[in-house]
Structures are given as structure tokens and as C-alpha cells.
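Geometric and topological summary
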Amino acid sequence: METLTDLINNFKDNQDVAIVYRTDFRTFKYTYSEIYELSMQMSVFLGDKGIKKGDRVLIWGPNSPAWVVSFLGIISTGAIAVPADMLGTVENTGTVARLSEAKLILKTKYRPALPSTVPSFYLEDIFFELEKIKSVSIPITTKENDIVELVYTSGTTGSPKGVALSHKNIMANVKAVSSVVSITKKDTMLSTLPLSHMFEQTAGLFTPLSHGGRIVYMTSLKSSALFGALAKEKITMILTVPRLLQSMKTGILAKVEEEKKTNIFNHFLSISTRHPWLAPFLFRSVHKRFGSQFRFFVSGGASLDGDTEKFWHTLGFNVLVGYGLTECAPVLTVNPEKSPRIGTVGKPLSNVEICIAEDDEILAKGPGIFSGYWQDEARTQSTFRDGWFLTGDVGALDADGYLSIKSRKKDVIVTANGVNIYPEDIENVLAKNKDVRECCIISIPSPQGEEIHAVIVLNAGGNAEQMIADTNAKLDSAQQIMSFTLWDKEFPRTSTLKIKKNQVREKILNTTSASLDKNNNVSENKLIILLRRITGKQEITPEMQLVKDLKLDSIGRVELVAAIEQEYYFDFEEELITPKTTVADLEHIINERTKGTAQYSYPRWTEWLIVRALGNLWLEIINLSIWRPFCLLKVKGNKTLSTIKGPVIFVSNHISYADHSCIVRSLPLNFRYNTSTPAWGEFFFPTETSFLHQAIRRIFYYYCITTLRLFMMFEFHSFNNGLKHAGLLVDQGENILIFPEGGHTRTKEMLPFKNGTAILIQQLKIPVIPIGLSGLEYVYPHGATLPKPGIVHVNFGTPIIFKNESIQEITERLRNEVEKLRQQK
């Protein structure tokens with residue numbers, strides 16, 4: 001394979017799974033052949049939009065199969081991809097679109113519109129567009145030196161550079177990385193970095209796909225999602241950045257301290273340091289969470305501190321630290337899998353040459369290094385010297401050829417005495433203080449010259465002055481921290497989670513420390529921005545209540561929880577939001593990373609084979625038989641179910657307690673015993689009632705989840721967890737039966753449909769079959785004591801596949817379809 005087009009052609013007849021996509025609610029799998037087919041359809045789609053060879057197409061969105069298919073479709077068309085940072089601002093992304101002269105924009109609907117007249121399409125709707133395309137194209141012939149993509153860097157400076165990478169650059173890097181890090185078709189890579197970053201593209205996308213491996217993408221990087229993927233997908237390697245490794249380390253140590261096992265843990269670390277082979281036994285609880293098949297982490301994108309790297313190695317995990325730049329496609333060095341050296345970034349790849357200049361700058365040569373910046377000859381010339389690429393990093397090579405990075409050349413602080421100070425050295429010491437959540441070192445001007453300044457996010461109760469004093473006591477005289485600022489929000493970060501020090505420095509220089517602490521506005525308040533987008537309210541103040549004042553309903557809570565987890569990288573429990581929670585309360589919860597306690601958990605024993613078998617037997621003999629003497633069923637349309645493959649959602653109107661029985665009796669056997677129904681959780685778990693009443697409801701609850709296959713959906717707390725449980729059931733092949741009215745009708749007219757059903761449909765992405773019930777309003781109307789015999793009509797509609805309709809559109813159409821069906825006799 002000499003080009004990425006050759007790589008794509010190899011997908012055509014491969015039926016193995018290539019991509020696993022884990023959303024908050026479901027898991028979707030795509031084979032190599034499906035990715036190939038979709039990519040070819042994407043090529044046709046682009047051609048229909050006037051895109052031809054050499055045109056630029058901008059992609060702005062999160063990692064997903066749609067992103068990958070769009071990128072591969074662009075390559076197959078001969079066009080040039082322009083991947084934009086998902087977290088980039090509208091202004092910077094608009095600048096990238098303008099500089100690249102993009103002819104088309106493929107963007108997520110969760111980012112604002114760009115200030116551009118260029119046509120755009122939502123990535124979330126791309127697969128719906130491709131369904132309309134029946135024919136597929138054949139990838140055009142590409143040459144090694146054809147440009148694949150323009151990757152713009154340093155967009156925050158106002159003058160982004162467009163790195164032009166060719167097929168040769170990328171494929172040379174893929175081959176060289178593969179010779180150092182062994183990857184086979186049995187491997188599964190967990191992706192945690194954005195695909196707009198070259199490290200993720202080369203090492204996390206093209207390299208696994210070139211060996212037939214699998215890649216797992218997730219919509220959330222919270223810890224529960226990460227460990228959920230590890231448990232379900234048999235992950236063998238994780239491509240990550242230092243911050244994630246540091247975060248997981250902090251989480252492990254916090255758990256150890258919480259369980260009061262610090263002494264024994266430290267003792268085990270000491271033993272493991274002397275006898276590494278004992279690590280899997282000493283720390284088996286940690287290894288169990290990653291799985292026996294897990295092989296190693298690959299860390300890049302930023303500098304990994306030696307303590308964190310040593311920590312993971314001591315626990316028995318291999319961490320392969322690498323180094324590179326976007327201009328190098330991007331990997332230059334990587335630690336060998338069998339002989340990694342802690343504190344270094346490894347050895348140069350087989351096709352890479354590294355040398356150290358007189359001023360200690362790292363210079364590089366190799367086929368992976370780009371030929372120049374897009375339409376910027378002056379910058380290109382200044383980046384090369386005698387054929388060597390100037391990395392801008394300061395480092396050193398040891399006797400065995402391992403490279404160590406000291407600092408970014410531009411980040412080196414030159415003191416008034418002319419001493420070069422490397423910020424990472426100070427940050428590593430400062431970060432060890434238990435009161436420090438995060439920190440960075442910058443320089444600020446002083447009458448004596450550049451001054452070392454610490455910017456710190458403190459843990460609750462931390463003493464900043466004492467912490468600085470303790471840190472300075474461990475530093476050389478030239479490294480002393482002269483001043484500090486307490487940063488009370490999240491640091492601004494790049495797509496690979498590196499702190500944007502230039503933005504931090506700019507804030508510090510423009511704001512005094514006193515006003516920072518007093519006004520609480522060090523960084524932009526992301527929470528207010530999120531709440532404005534979700535609630536539509538523009539005037540938001542700290543004392544406003546989320547439910548009463550901002551009208552946050554169940555739909556808004558689902559979106560808010562997902563947004564908080566995505567923006568702040570921690571597990572946010574929906575139960576923390578109560579009817580009286582204010583904006584200020586929510587901000588405090590986020591800042592303190594408050595842990596919630598789930599008020600309800602879904603029992604696993606209901607899925608045991610013996611429980612299911614007995615439950616189905618009871619369903620057939622007792623529950624369904626109770627209503628047989630009273631309900632003479634007249635069923636229409638259920639024969640269409642024989643043509644359906646995979647799970648579906650049944651949606652019906654709600655008349656009485658006999659609804660469930662009549663519908664289930666109407667289903668073919670392969671649907672009858674594999675259909676679950678959400679129930680109103682507050683009914684089974686009342687709070688303001690007597691103990692006896694609660695006990696009776698609890699007994700009824702166990703009966704229903706065992707014999708009727710009900711599962712709880714709470715109207716307020718745990719609504720999000722109910723959606724996730726429904727997704728889990730669908731992944732297991734279960735059908736879902738829903739009554740969107742949420743209660744029995746008291747008249748002959750249907751109640752309004754609640755929006756929760758539409759949310760479920762949007763997230764599960766499976767066919768919906770409307771059902772119209774009639775007759776039960778006479779057989780067993782609401783409030784009746786005993787039923788009376790009668791005819792019950794159960795009319796099944798044709799399957800509906802919803803695509804990009806809004807929640808309101810889905811709700812309205814469902815109600816109309818059910819209304820028509822229930823009128824039929």
C-alpha cells in the first residue's frame with residue numbers, strides 16, 4: 001500500500017468489524033466492507049455537490065463513523081480534506097475555511113454556524129443522505145505526492161499555518177510506526193483523541209485499519225464510559241494524551257485514600273519497583289478493570305511527566321511515549337514496545353533521522369515530513385535549514401539513541417541573568433503538591449526582566465502561599481516561582497488537552513490577581529454558555545433555579561448532562577439536579593466534581609436465563625390468560641413483523657391496564673418474549689406515602705419486572721439512566737414497547753404524547769411501529785372495578801424510520817399515525 005487510496009481498496013471484501021461507535025445510549029458496529037461502501041457513496045455525494053480533485057472540504061465535528069466516512073470519501077474523490085479542531089472557536093474555524101478556500105463544509109450540528117457563504121451539511125445527517133445514493137464510485141487513482149489534507153496549526157495566534165500532507169507522508173509514517181508497535185487484526189484501539197489531530201489519524205486510524213484491527217469511538221470521555229468500553233470491547237491499547245493518564249492516576253490514588261489503603265498501596269509500589277513481574281498480582285483490581293487482553297497505552301500530543309509514566313509502569317502497565325509534530329505526519333520517535341525507557345520519548349523511527357543543533361533544537365529528516373505550508377512559501381523556507389526540519393523543540397539524545405524533550409523552544413523562559421528555564425521542570429514539582437488540581441508555568445514581565453509565574457487551580461482548602469513556599473524549597477535558585485495567580489475555572493485547552501499558555505498569559509497580563517479572585521472571571525464561563533444553548537434563555541443569573549426559572553425539562557436534562565460531561569470530563573450524575581438546584585449550585589457541583597449517588601439501579605438478575613424462562617412461562621400462563629376471557633382480539637398488520645430484522649420500538653396509545661397484555665398477545669412468538677416496556681418509576685417508588693403503601697408498590701415492582709419485562713423510567717431523576725438502559729436492551733436484541741401518553745386516557749380521546757419517546761427514538765435509531773388500540777375503553781375503562789367481555793382491535797402500522805426530524809416532528813407524526821390506526825376497525 002503506497003497511498004491511502006490503496007488502503008481504502010483493501011476494505012472492500014473484509015467482513016470483520018472495523019469501527020465500534022459507543023454513544024451514551026447504544027453501540028453501533030461497522031465492518032470494513034460497510035465502511036468501504038459508505039465511503040464510495042460519500043464520494044458520489046461529494047461529486048454531486050460539485051467537488052472535484054484538488055478542491056478543499058472542511059470537516060468540523062467530533063469523532064464518529066460519519067467523520068471517518070467523510071474523510072475517506074474526500075480522499076476517494078481526489079479532493080483535499082481540511083480537518084478542523086472540534087473545540088476550535090467559530091472565528092478560528094472560519095479563518096481556516098477562508099484560508100483553505102473550502103468549497104464545502106461538513107460540520108456537526110452542535111457547533112455554531114460559520115461566518116461563511118460556503119454550502120454546509122451536518123455530519124449527523126450524512127448517513128441519511130448516503131441512503132439516497134444507490135450507486136457507488138470507484139476511488140480515483142492517486143499518486144504518492146498528491147495532497148491528502150491541510151491541517152491548520154496555531155489557530156489561536158491569528159495566523160494559522162496550513163500543513164500540507166501527502167499520501168507519501170502519511171503512509172511512510174504508518175509503515176514506520178507499524179514496524180515498532182506491533183498491531184494485528186486481533187487488536188482493538190480505544191480512541192480518546194480528536195481525529196482532527198494527526199497523532200490520532202496516523203496512529204489511531206490508519207495504522208489499525210492497515211492491519212485489520214478495530215477502533216472504538218465514544219461520544220463521551222468520562223471515566224464510566226472509558227471503563228465501560230474496556231469491559232465490553234476487549235480493548236488492547238489506548239491512544240491517549242498525558243492529561244488522561246494523569247487523571248486516571250489521580251482517580252486511583254483518591255480511591256486508595258478513600259478506602260484507607262494508602263500505606264499498603266505504597267508498600268506494593270515499593271515491591272513492584274524491585275520485582276516488576278509481581279505488579280499484575282499486587283494491583284490485580286486495577287488490571288481487572290482494563291482486562292487481561294490489555295497491552296499498552298500510547299501517549300503523545302504533549303509531554304508526559306516522569307512520575308506519571310513511572311507510576312503506570314510500576315502498576316504493571318506499559319506506556320509507550322512518542323514524540324512528533326503535525327508537520328511530520330506526525331510521529332518522529334516512539335519508545336519500543338519491548339524496551340521503553342522512562343523519561344524519554346523513545347528512538348527515531350526507522351525512516352527518520354534526528355540530530356541536535358548547537359542551540360539544542362531538535363532537527364529531523366524523513367519521508368513523513370511535509371514539503372511545506374499551504375500557499376506560504378516564506379514560512380516554509382524558515383522551517384527548514386539545509387534540508388533539516390526545525391521542530392522548535394529543545395532536547396537531547398542519549399548514548400543509546402533515546403530522545404528526551406526539555407521544552408518547546410518558544411516556551412523557554414530566559415531570566416534576567418540569561419539562564420534558560422524550562423517550565424515543565426517547575427510544573428512537575430508543583431503538580432506533586434496534593435493541594436494542586438492543575439497548574440502551568442508562564443513568564444510575565446517585571447522591572448528585572450522575565451519573571452517565573454505560576455497559574456494554579458487549587459483543590460478545596462488548599463493553601464497557595466504555603467504550597468509555593470514548599471515548591472520553591474525543592475527548586476534551584478534560578479527556578480524560583482516569584483508570583484502566582486489562582487485560576488478558579490477550567491484552563492483553556494487545545495484539542496489534545498494541552499493548556500493554551502498563550503491565552504492564560506494574556507488573561508494574566510490583562511487582569512490583576514485581586515480582580516481575578518474577586519470577580520470570579522478568570523476564564524470564560526462555559527456553564528452559562530451551555531445553559532443558554534440548552535434552555536434558550538439569554539438572561540441567566542446565579543440565583544436562577546434550573547427547573548422553575550430556566551424551565552429545564554427531561555429533554556433539557558439529558559442534553560445538559562451530556563454537555564457537562566463532554567466539556568468538563570467527569571461523571572456527572574443527573575440525580576444532582578433537583579427541583580431547587582440553582583445555576584450557582586450547579587457551578588459549585590462542577591467545580592468540586594461532586595459525586596452523586598444513583599437513586600435507582602437496574603437489577604441484573606432479571607436477565608438470568610432461569611429468571612427469564614420462568615417469567616415468560618408466567619407471562620403466558622397467568623398474565624396473558626387473565627385477559628383472554630374478556631378481550632376478543634382482532635389484529636391487523638402484524639404479519640409485516642415477519643419481514644423485520646433486528647429490534648424495533650412499538651408505540652401505542654394507552655387505555656387501560658389490559659393494553660400491555662393485548663399487544664403482547666398480538667405479537668409473534670419471536671417478539672412476544674423479547675419485548676420490554678418502560679414504566680413510570682415514581683408509581684413503583686412513591687416517597688410521600690405510608691410504609692405499607694410503599695411496601696405493596698415494591699412487591700408489585702418485583703412482580704412486574706420479572707413477569708412483564710418492565711423497566712423503570714423516572715420522570716425527573718434518573719431519566720438519562722433509563723434511556724441508557726433502553727439502549728442496552730436494544731443492543732441485546734430486545735424490542736421496546738412504549739405508551740407515550742404516560743397514563744390512561746379518561747375519555748375517548750388520546751392524551752398528548754410526551755417528548756421522552758421522541759428522545760428515545762432519536763437515540764436508539766431503530767424502526768418504529770405505531771399501534772392503534774381500540775375497544776378497551778369499553779372492556780376495561782379507567783376507574784372500572786371489573787372488566788366486561790368485548791372486542792379489542794390491535795392495528796399495527798408500517799415501520800417508520802426517523803432520520804433527522806426534530807423531537808416535536810417525531811412526537812407529532814407518531815400521534816397522527818396512532819390516531820389513524822386506532823380509528824380503523
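Please refer to the structure higher up on the page.
These numbers come from a predicted model, not from an experiment. For every chain, the first residue of its written sequence is number 1, and the numbers climb from 1 along that sequence. Residues qualify for local features only when their pLDDT is at least 70, as the model is predicted, and side-chain atom pairs are given and counted only at 80 or more; totals for whole chains, interfaces and linings, by contrast, use all residues. Hydrogens are left out, water is left out, and the side-chain values use all remaining heavy atoms of the structure.

1. With respect to the overall build of the protein
What counts, and what does not: A run of H or I in DSSP counts as a helix once it spans at least four residues, and a run of E counts as a strand once it spans at least two, with each numbered from the N terminus. Partly exposed describes any residue whose relative accessible area lies between the buried limit of under 20% and the exposed limit of over 50%, with all areas from a 1.4 Å probe on protein chains only and scaled to the type maximum. When checking whether two residues touch, look at their non-hydrogen atoms; a contact exists if any pair is within 4.5 Å. To be clear on the numbers: accessible area is Shrake-Rupley with a 1.4 Å probe, and residue cover counts the displayed protein chains and nothing else.
A count of helical and extended segments in the protein gives 30 helices and 32 strands. Across the 825 residues that make up the protein, the buried fraction comes to 54%. The contacts of the protein with a sequence gap of at least 6 include a subset with a gap of at least 24, amounting to 70%. For the protein, the accessible surface area stands at approximately 37300 Å², while carbon and sulfur atoms represent 54% of it.

2. Observations concerning the packing of helix α6 (residues 167-180) against helix α7 (residues 198-210)
Where we set the bar: The axes are straight lines fitted to the C-alpha atoms, using for helices just the contacting stretch, and the angles between their N-to-C directions are given from 0 to 180°. Our angle categories are set so that under 35 degrees counts as roughly parallel, over 145 as roughly antiparallel, 65 to 115 as roughly perpendicular, and the remainder as oblique. Take the far helix as your reference; a near helix turned counterclockwise from it by less than a right angle gives a left-handed crossing, and one turned clockwise gives a right-handed crossing.
Packing of α6 against α7 leaves a shortest axis separation of 9 Å and a crossing angle of 70°. In terms of axis orientation, α6 runs roughly perpendicular to α7. At the point where α6 passes α7, the crossing takes the right-handed sense. From α6, I170, N173, V174, V177 and S178 reach across to α7, where they touch M198, T202, F206, T207 and S210.

3. Describing the packing of aromatic side chains
We apply this condition: For Phe, Tyr and Trp, where Trp contributes only its six-membered ring, two rings pair if their centres lie within 6.5 Å, and the inter-plane angle classes them as stacked under 30 degrees, edge-to-face over 60, or tilted in between. Working rule: Lys NZ or Arg CZ, within 6 Å of ring centre, within 35 degrees of ring normal, means a charge sits over the ring.
If you walk through the whole model with that rule in mind, you get 36 aromatic pairs. Ring centres 5.9 Å apart and planes at 85° place the aromatic pair F370 and F389 in the edge-to-face group. Residue F370 is located in the loop between β17 (361-365) and α14 (377-383), and its partner F389 is located in strand β19 (residues 388-397); the two are separated by 19 residues in the primary sequence. The buried category is assigned to F389, whose relative accessible area is 1%. Grouping aromatic residues by their ring pairs yields a cluster made of F227, F265, F268, F283, F290, F294, F297, F311, W312 and F317. In this arrangement the basic side chain of R289 is found over the ring face of F227, its NZ or CZ atom lying 3.8 Å from the centre. Sitting over the face of the ring of F683, R697 holds its NZ or CZ atom 3.9 Å from the ring centroid.

4. A short note on the side chain of R214
Our working rule: Each polar contact in these results corresponds to two N or O atoms within 3.5 Å; when the atoms are within protein, one needs to be able to donate a hydrogen and the other to accept it, and residues that are neighboring in sequence are counted only if both atoms are side-chain atoms.
Relative to the elements of secondary structure, R214 occurs in strand β10 (residues 214-218). Relative accessible area serves as the criterion here: at 18%, R214 is assigned to the buried category. At 3.4 Å, the side chain of R214 and the side chain of T188 are in polar contact. For R214, the contacting residues outside a window of four places in its chain are V17, A18, V20, K29, D187, T188, M189 and E233.

5. Remarks on helix α21 (residues 583-592)
Stated formally: Taking the helix axis as origin, the arc is that swept by the directions to the C-beta atoms.
Looking only at α21, the buried set comprises V583, L586, E587, I589 and I590. In an axial view of α21, the angular spread of the buried residues amounts to 160°, which keeps them on one side of the axis. R593, located one to two residues past α21, shows a positive phi value of around 55°.

6. Looking at helix α30 (residues 807-823)
Put simply, the test is: Helices are assigned an expected span. That span is 1.5 Å times one less than the residue count.
Given a rise of 1.5 Å per residue, 17 residues ought to cover 24 Å, and the 25 Å separating the end C-alpha atoms of α30 matches this to within 8%. I807, I810, T811, L814, E817, V818, L821 and R822 are the residues of α30 that are buried. Here the buried residues of α30 occupy an arc of 135° about the axis, which is enough to place them on one side. What points out from α30, more than 90 degrees from its buried face, is the exposed set Q808 and E812.

7. A short note on the environment of A364
Counting through the fold element by element, A364 comes out in strand β17. Classification of A364 by relative accessible area gives buried; the value is 1%. Along the backbone, A364 and W388 are 24 residues apart, and their C-alpha atoms lie at a distance of 5.5 Å. Excluding its chain neighbours within four sequence positions, the residues that come into contact with A364 are L332, E353, I354, I369, G387, W388 and F389.

8. Some thoughts on the pattern of salt bridges
Which entries qualify depends on this criterion: Any Lys or Arg side-chain nitrogen found within 4 Å of a carboxyl oxygen on Asp or Glu counts as a salt bridge.
All told, the structure shown has 33 salt bridges when counted by the stated rule. Two residues, E233 and R214, come together in a salt bridge whose shortest N-O distance is 4.0 Å. Separated by 19 residues along the polypeptide, E233 in helix α8 (residues 223-233) and R214 in strand β10 bring together distant segments of the chain. R214 shares its class with E233; the two are buried. E620 is paired through a salt bridge with R672; the nearest N and O atoms lie 3.1 Å apart. Of this pair, E620 sits in helix α22 (residues 609-627) while R672 sits in helix α24 (residues 669-672), and the two are 52 residues apart along the sequence. Across the pair, R672 and E620 agree in class, each one buried. Through salt bridges that share partners, E607, R612, R709 and E734 make up one connected network.

9. Looking at the nonpolar core
Taken as a class, soluble globular proteins show a tendency for nonpolar side chains to be buried jointly. Formally: Nonpolar cores were defined as sets of buried Ala, Val, Leu, Ile, Met, Phe, Trp, Tyr and Cys residues, with membership established by side-chain atoms within 4.5 Å.
Counting 116 residues, the largest nonpolar core has F71, L72, F206, F290, F297, W312 and L315 as its most contacted members. No other element matches helix α2 (residues 32-48), which puts nine residues into this core. Among all residues touching F71, those that are not within four sequence positions of it are I59, A81, V148, E149, Q201 and F206. Core analysis: the second largest hydrophobic core is formed by 43 residues, Y600, V664, I738 and I761 among them.

10. Considerations on the pairing of strand β32 (residues 790-796)
This is how the line gets drawn: By definition, two strands form a pair when at least two bridges between them are found by DSSP.
Along β32, five of the seven residues are buried, which leaves the element largely enclosed by surrounding structure. Where strand β26 (residues 631-636) and β32 come together, six bridges link them in parallel fashion. When the sheet's bridge partners are listed, L633 is paired in β32 with V792. Two strands pair when backbone bridges link them, and strand β31 (residues 768-774) and β32 are joined in this way by four bridges, in the antiparallel orientation. Residue pairing in the sheet places L773 in a bridge with V794 of β32.

11. Quick look at the packing of helix α27 (residues 719-731) against helix α28 (residues 756-764)
As a reminder, the rule being used: Charged residues are taken to be Asp, Glu, Lys and Arg, nonpolar residues to be Ala, Val, Leu, Ile, Met, Phe, Trp, Tyr, Cys and Pro, and polar residues to be all remaining types, Gly included.
Running from N to C, α27 and α28 point in directions that differ by 45°, and their axes come no closer than 10 Å. By the criterion of interaxial angle, the relationship of α27 to α28 is oblique. Judged by the sense of rotation from one axis to the other, the crossing of α27 with α28 is right-handed. Across the interface between the two elements, F719, L723, A726, G727 and V730 from α27 touch G756, I759, L760 and L764 from α28. Residues of the contact of α27 with α28, tallied by class, amount to seven nonpolar, two polar and no charged.

12. Describing the sheet that holds strand β11 (residues 237-240)
The nine strands lie next to each other as β2-β1-β10-β9-β11-β12-β13-β14-β15, forming an open sheet whose pairing is mixed. Every interior strand has two partners, whereas the edge strands, β2 (27-31) and β15 (347-348), have only one. Note: strand β14 (residues 331-334) against β15, two bridges, orientation antiparallel. By the bridge assignment, T333 is partnered in β15 with P348. Each of β1 (17-22), β9 (188-191), β10, β11, β12 (296-299) and β14 is contacted by α7, which is oriented at about 140° to β10, the strand it contacts most.

13. Looking at the sheet that holds strand β27 (residues 649-652)
Strands sit in the order β26-β32-β31-β27-β30-β28-β29 across an open sheet of seven strands; the sheet is mixed. The open sheet terminates on both sides in strands that have one partner only, identified here as β26 and β29 (710-713). For this sheet the average axis-to-axis angle between neighbouring strands, irrespective of direction, equals 25°. Two strands pair when backbone bridges link them, and β27 and strand β30 (residues 735-738) are joined in this way by three bridges, in the parallel orientation.

14. Looking at unusual backbone geometry
The omega angle of the peptide bond from A329 to P330 is -15°, so this bond is cis rather than trans. Within the secondary structure layout, P330 lies in the loop between β13 (318-324) and β14. Here E101, not a glycine, exhibits a phi torsion of approximately 55°, which is positive. For E101, the position within the fold is in the loop between α4 (90-100) and β5 (104-107). Non-glycine residue K260 carries a positive phi angle of around 55°. Note on placement: K260 falls in the loop between α9 (242-258) and α10 (262-274).

Everything listed here is a matter of coordinates, which is why it stays silent on function.
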